[in-house]
Amino acid sequence: MLVYFIGTGGSEGIPAHLCTCSSCNEARKFGFAQRRPSTLAVITENRKAVLFDVGTDIRDFLNVPLEAIFLTHWHHDHIYGLYKLRWMALETELYAPEGHADALILNEPKNLRPKILKPGDTLKADTLRITAIGLNHDVETLGYLIEEDGKSVALLYDTKGLPEKTWDFLKKKAPLRLAIVDATYPPGFDNPKHNNVDEAAEIGFQLAERTVLSHISHKNLPFLELVEYVRKRWGNKVLVAYDGMVFYV
Ligand SMILES: [Zn+2]
Ligand SMILES: [Zn+2]
Ligand SMILES: [Zn+2]
């Protein structure tokens, strides 16, 4: 499978509108430092696409039929693109945890077919086997273990640490090929809903051969500083995501 990082930012994206912090200013100089809200696609061995979260309009990046759409949770930065996507011409399954940010998507889904998932639920999408796992956030939130042909990827955002059950489940599957982890905040910053960079890297380090830090806020270190920090501590075991990154698993 191939993991395609369409959006790797937090809710505000980088640059945040009119913000003059060093992350936002850097992103106006270097296009690679710009981030859209969280949106990720997995391209299967058969070249089919499965979408995880829709924080942005995907049409310019993924104009193909979707095998399914999975939501991690109903915060706006993960569902924004659904308002456009629900008008697409093909009926498409939308798997999501309990809750809603705006009942419109559930009451008037157009061509989306919403279905609620709980931690432990497993289903198939083309050649992928996808298991929902619990995360620690302020609303019901699911991570996903994505398996294909003996290889596995864990998608772990939005979260602060991991619930014990999720640790136990993932440790049995370790080493994963790849862990994609919420790294919203800079080193040393403590927040009850999101990891900082150190917390995120340590989660991935224990579970996976490679870790990609994602869901990065403008409050985090500017791109170049962040890459340098991560490289010094974890070498090439931990990488910083950027919009447009592709990772072959
Ligand atoms: Zn988020
Ligand atoms: Zn900023
Ligand atoms: Zn959230």
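Heads up: the structure comes first, above all this text.
Predicted model, so just to flag it, every value in this text is computed and none were measured. (Residues numbered from 1 in each chain as written. Chains lettered and ligands numbered in written order. Predicted model: local features only at pLDDT ≥ 70, side-chain atom pairs only at ≥ 80, totals over all residues. Heavy atoms only, no water.)

Draft legend 1. Representation of the pairing of strand S2 (residues 39–43). When you tally the buried positions in S2, you get 4 out of 5 residues, the bulk of the element. Here strand S1 (residues 2–7) pairs with S2 via 5 bridges, running antiparallel. Its bridge partner being in S2, Phe5 is matched across the sheet by Leu40. The sheet contact formed by S2 and strand S3 (residues 49–54) spans 5 bridges and is antiparallel. In the strand pairing of S3, Leu40 is matched with Phe52. Between the end of S2 and the start of S3, which pair antiparallel, lie 5 residues, with Arg47 showing a positive phi angle near 65 degrees. (Buried < 20%, exposed > 50% of the residue type's maximum accessible area, 1.4 Å probe, protein only. Helix = DSSP H or I, 4+ residues; strand = E, 2+ residues; numbered from the N terminus. Pairing = 2+ DSSP bridges.)

Draft legend 2. Structural context of the coordination of the zinc ion (ligand 2). Here the zinc ion (ligand 2) is held by the protein donor atoms Cys19 (SG), Cys21 (SG), Cys24 (SG) and His218 (ND1), which lie 2.1 to 2.3 Å from it. Considering all 4 donor atoms around the zinc ion (ligand 2), angles at the metal cover 106 to 115 degrees and the coordination shape is tetrahedral. Within one chain, the residues donating to the zinc ion (ligand 2) are spaced in sequence as C-x1-C-x2-C-x193-H. With a relative accessible area of 24%, Cys21 lands in the partly exposed category. (Donors = N, O, S within 2.8 Å, 3.2 Å for Na, K, Ca; no water. Tetrahedral: all angles 85-135°; square planar, octahedral: opposite > 155°, others 65-115°.)

Draft legend 3. Up close: the coordination of the zinc ion (ligand 3). Around the zinc ion (ligand 3), the protein supplies His73 (NE2), His75 (ND1), His137 (NE2) and Asp158 (OD) as donor atoms, at distances of 2.2 to 2.4 Å. One can describe the donor arrangement at the zinc ion (ligand 3) as irregular, given that its 4 donor atoms subtend angles of 89 to 170 degrees at the metal. On the primary sequence, the residues serving as donors to the zinc ion (ligand 3) are separated as H-x1-H-x61-H-x20-D. Between the zinc ion (ligand 3) and the zinc ion (ligand 1) the interatomic distance comes to 3.4 Å, and Asp158 is a ligand of both metals. Placement of the pair is His75 in the loop between strand S4 (66–70) and helix H2 (76–79) and Asp158 in the loop between strand S10 (151–156) and helix H5 (164–173), with a sequence separation of 83 residues. A relative accessible area of 22% places His75 in the partly exposed class.

Draft legend 4. Quick look at the packing of aromatic side chains. This structure, assessed with the given rule, holds 8 aromatic pairs. For the ring pair Phe32 and Phe223, a centre distance of 5.2 Å and an interplane angle of 65 degrees mean the geometry is edge-to-face. Taken as a pair, Phe32 in the loop between helix H1 (22–29) and S2 and Phe223 in helix H7 (residues 223–234) lie far apart in primary sequence, 191 residues in all. Phe223 sits in the buried class, given a relative accessible area of 11%. Taking 4.4 Å as the distance between ring centres and 20 degrees as the angle between the ring planes, the aromatic pair formed by Tyr185 and Phe189 counts as stacked. On the basis of relative accessible area, Tyr185 is assigned to the buried category, the value being 11%. Within the aromatic cluster, the residues linked to one another by ring pairs are Phe52, Phe70, Tyr95 and Tyr144. Here the guanidinium or amino end of Lys171 rests over the ring plane of Trp167, the centre of that ring lying 4.7 Å away. Here the guanidinium or amino end of Lys237 rests over the ring plane of Phe205, the centre of that ring lying 5.7 Å away. (Phe/Tyr/Trp six-rings, centres within 6.5 Å; stacked < 30°, edge-to-face > 60°. Lys NZ or Arg CZ within 6 Å of the ring centre and 35° of its normal.)

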